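Observations on the model geometry
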Number of protein chains: 6
Amino acid sequence: MNVQDPGAPALSHVREDGSAHMVDVSAKTETSRQATAQAVLRTRPEIIGLITDGTLPKGDALAVARVAGIMGAKKTPELIPLCHPLPISKVTIDFEPDAVAGTVRILATVKTRGVTGVEMEALSAASIAALTLYDMLKAVDKHASIGGILVLAKSGGKSGDWSIEPSTEGENR
Amino acid sequence: MNVQDPGAPALSHVREDGSAHMVDVSAKTETSRQATAQAVLRTRPEIIGLITDGTLPKGDALAVARVAGIMGAKKTPELIPLCHPLPISKVTIDFEPDAVAGTVRILATVKTRGVTGVEMEALSAASIAALTLYDMLKAVDKHASIGGILVLAKSGGKSGDWSIEPSTEGENR
Amino acid sequence: MNVQDPGAPALSHVREDGSAHMVDVSAKTETSRQATAQAVLRTRPEIIGLITDGTLPKGDALAVARVAGIMGAKKTPELIPLCHPLPISKVTIDFEPDAVAGTVRILATVKTRGVTGVEMEALSAASIAALTLYDMLKAVDKHASIGGILVLAKSGGKSGDWSIEPSTEGENR
Amino acid sequence: MNVQDPGAPALSHVREDGSAHMVDVSAKTETSRQATAQAVLRTRPEIIGLITDGTLPKGDALAVARVAGIMGAKKTPELIPLCHPLPISKVTIDFEPDAVAGTVRILATVKTRGVTGVEMEALSAASIAALTLYDMLKAVDKHASIGGILVLAKSGGKSGDWSIEPSTEGENR
Amino acid sequence: MNVQDPGAPALSHVREDGSAHMVDVSAKTETSRQATAQAVLRTRPEIIGLITDGTLPKGDALAVARVAGIMGAKKTPELIPLCHPLPISKVTIDFEPDAVAGTVRILATVKTRGVTGVEMEALSAASIAALTLYDMLKAVDKHASIGGILVLAKSGGKSGDWSIEPSTEGENR
Amino acid sequence: MNVQDPGAPALSHVREDGSAHMVDVSAKTETSRQATAQAVLRTRPEIIGLITDGTLPKGDALAVARVAGIMGAKKTPELIPLCHPLPISKVTIDFEPDAVAGTVRILATVKTRGVTGVEMEALSAASIAALTLYDMLKAVDKHASIGGILVLAKSGGKSGDWSIEPSTEGENR
């Protein structure tokens, strides 16, 4: 069975006993790398205004979630056991609230000059920003949910640049 | 406009200037509290066997994700800025792989004896376990996604016990 | 020589060999405790508007500093070697900018129900919020400074409640 | 209004919406960089001997504060949200106690070979060492204070080398 | 086969699928608990004087190792995946250097008022203090080793109080 | 007295006042460096099967200890005060259980491309993996111990490559 993605790197890095390990990246080339990931918070439509106005009970949700996402990107190798530490050189977090759909799309872009990609950093940043929004609105909506966590674009590294279009149903593949 | 969820606590805790803050929970009663949250990883169906057999390039994905989720629960107050630190007394992480749908449902249950609920701890645990699975399979599927992050059940605390049924489309509300 | 502050607790806790240690607080009573501390950032007067308008190059300085201060309070026992971990139950950070003096006073209030006071948590929160402001304005003022870090008020615990008046020259005793 | 410091870098890095972000440093040149910062602890004169003799109730204050300062330098990107992680290559902490004035000046020097300066690392190291001294003497002086936190010298990087003279009133600009 | 230690708690806490988890301690009684653990650093005899005099190249080894051990006790639940977080109420680290044998015995005592024992905290404290000594002397002895890490005494909790005698060959059972 | 190990680097890095500091490594050459360290857990022989079968009360001990060791390697500069942060490029953890002797040897290999060696990272990884095993079996053996923590091999850097043979009594020098 061939489970490789078209364009994926060869299945190297497998240990003989199959045990989990942090793979060897010491021979990889240091290049400029960037990744953008998203997460989508889904709540009741009438909550979106409270988020964007900064009037949720705990305060200005977007400002807090932005900081949480940036700090979350830096914490990635502490959270994801087999992730390599990386010298992050840029993080941005953007929000696209949709008061009709009752959603906030969170976009996280991370850049590094390093030997591995920054997809996990971008995904962690978007996820933690979304969890922070959840925390701030859970007093008014205990059934909010988070979905659509995926990588939208990647550049740099051996596997080439690519991007996908976030669709309105983008939270599912 | 009334944005409160039926059964939600009154909108206290708003500061006059609306600034973000960690709300005062010192007057809340210490009780036994539990929450279960889920996250759903979505990949290509043929990858599911590699996850459950422990044959992904980086090793045994479920064991690593389980540890990451448990440690993630403990890291919640470091990740979510306005979360209160809590003495966690139990964490379990379970996986429900579905090789037909190409999904792995992650269930995280967290228990405490404390003054606030543990929904955020359960959500963080499930999310970080899911991100860890993503990290371990991204060499073979760069278009995996994570969704369906929500609280399934909660007990203890003033707001009462409740639970919802995870549906097969559970990743969206 | 009597170096004790009037009202200070007796000099217990000294080890025979004088070695540093985390003192035993297991016999202390758990009570509600609160402390307020301040730090004062000093910059050029024309910078104050950039801080309060959120127009510094790196973005909205007060929102970022507020989150940093709250998270800093939670990190106190990781930063201060002999500090006891405490279940923080409330943190607020307030800013008093003075565009004439070229200062921003930062007020941090921390509350707990525990066996030790929260002065260090309040001081750490104020200091880290001030350092964050410094970081955000250093591109426009490399000679900013931080001073006036002290405890303004304390309640709860054996040593009794007290407070002092922050004066305009409050950064020096 | 021109708020730029003479010699400060141009006001780049502003995002269109003014939102907080970790600025892009991937194009900056990696050079050897060093910074020295100070903090000044102010207490009652008779306490200074207890600090320098290592006879405070909690033990040898200078040794503990030195370690806290060094570890604090390494924690800087975890504390200051928009700080870039840096491979620190040297940290020293020195103390200048003055038993007449009742002060201890803390000098922290940090060095790196990296793309950004290490002012924040030096400031964090000095501040956390000062907070640690405060923690160790607060049993005998609850009105101690910390001030004079500023950068004394910087070398390396595009903005050029500079230093200022710490004066006896150095804690204020 | 009966693998239980005489006096060990019954083998509860096993999950049906045998998966790793943080066991439920919410029903355990909160009592005062204490544990003492040791670690033994072994180097060349002539190095011991450098350790006790504080004249190793990197500086005063015992003071640095003491602080590292105390902070290490607080980090235990971050290091040991299935450890419960605990409100540590006391930590002491003592050193017993033996210039004839070329050893330094490290004794760590940790106390809490909580629902689980503090053996892991005491073991982590002793181990990290020993690793710190190793780090400080490795420039002069690259073949140092650490052994004899075990619990010497425990009190509080359901399993009763006990202690063992550290022997000169105490590093092996 | 000459306390230097044959082949050890010259005793540089001593500060005039002998104070502890993180030594300056900015002039050292960045090369590929690797180190392997071991730790040996000693328990009762009949426990070894429970470890290797994954049937200890808390679950699959080897999988959990492996993840703890890998994450411990990354945490080294947070634990060991004077350690420099390093971009780790590979970590593996292997276990050699011996059901006759009642031991599990843990081997940790860490690789970097950096300016300092990774002995401390390998030692921390092996130690934390061993402490994690201890935590998982302490319900069935409260007198387990850990020893034999030492560096087995090192390559890269100025001091040259070397290795030693782990003997069955390898836990003591």
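In the block above lies the structure referred to throughout.
This section reports on the structure supplied with the text. (Residues numbered from 1 in each chain as written. Chains lettered and ligands numbered in written order. Predicted model: local features only at pLDDT ≥ 70, side-chain atom pairs only at ≥ 80, totals over all residues. Heavy atoms only, no water.)

Looking now at the overall build of chain A. Of regular secondary structure, chain A possesses three helices and five strands. Overall, chain A shows an N-to-C arrangement of helices and strands of β-α-α-β-β-α-β-β. Of all 173 residues assigned to chain A, the portion counted as buried reaches 63%. Long-range pairs, those at least 24 residues apart, make up 71% of the contacts in chain A between residues at least 6 apart in sequence. (Helix = DSSP H or I, 4+ residues; strand = E, 2+ residues; numbered from the N terminus. Buried < 20%, exposed > 50% of the residue type's maximum accessible area, 1.4 Å probe, protein only. Contact = heavy atoms within 4.5 Å.)

All right, on to the relation of the copies chain D and chain F then. For the pair chain D and chain F, the relating rotation is 120 degrees, the translation along its axis is 0.0 Å, and the fit reaches an RMSD of 0.0 Å. Both copies of the chain, as the preceding transformation shows, are related through a three-fold rotation axis. Among all residues of chain D, the minimum C-alpha distance to the rotation axis is found for Pro87 of chain D, at 4.8 Å. Mapped onto chain F, only 6% of the interface residues of chain D are again interface residues, and the two copies thus contact each other with different surfaces. (Least-squares fit on C-alpha atoms with pLDDT ≥ 70 in both.)

The next point concerns the environment of Pro57 of chain B. Structurally, the position occupied by Pro57 of chain B is in the loop between α1 (45–53) and α2 (61–79). Along the primary structure Pro57 of chain B and Val140 of chain B are separated by 83 residues, whereas in three dimensions their C-alpha atoms are 8.6 Å apart.

This brings us to the pattern of salt bridges. Using the criterion set out here, one finds 60 salt bridges over all chains in the structure. Note that Asp94 of chain B and Arg15 of chain E form a salt bridge whose closest N and O atoms lie 3.0 Å from each other. Here the residue Asp94 of chain B occupies a position in strand β2 (residues 88–98), and Arg15 of chain E occupies one in the segment before β1 (31–42), the pair thus bridging two chains. Asp94 of chain B gets classed as partly exposed once you look at its relative accessible area, which sits at 22%. One network of salt bridges, with partners in common, ties together Lys75 and Glu78 of chain A, Lys75 and Glu78 of chain B, Lys75 and Glu78 of chain C, Lys75 and Glu78 of chain D, Lys75 and Glu78 of chain E together with Lys75 and Glu78 of chain F. (Salt bridge = Lys/Arg side-chain N within 4 Å of Asp/Glu carboxyl O.)

What follows is about the nonpolar core. Core analysis: the biggest nonpolar cluster contains 318 residues, and Ile51 of chain A, Ile51 of chain B, Ile51 of chain C, Ile51 of chain D, Ile51 of chain E together with Ile51 of chain F have the highest contact counts within it. Dropping the residues within four chain positions of it, Ile51 of chain B is found in contact with Leu41, Leu56, Ala61, Leu62, Val104, Leu133 and Leu137 of chain B. (Core = buried A, V, L, I, M, F, W, Y, C linked by side-chain atoms within 4.5 Å.)

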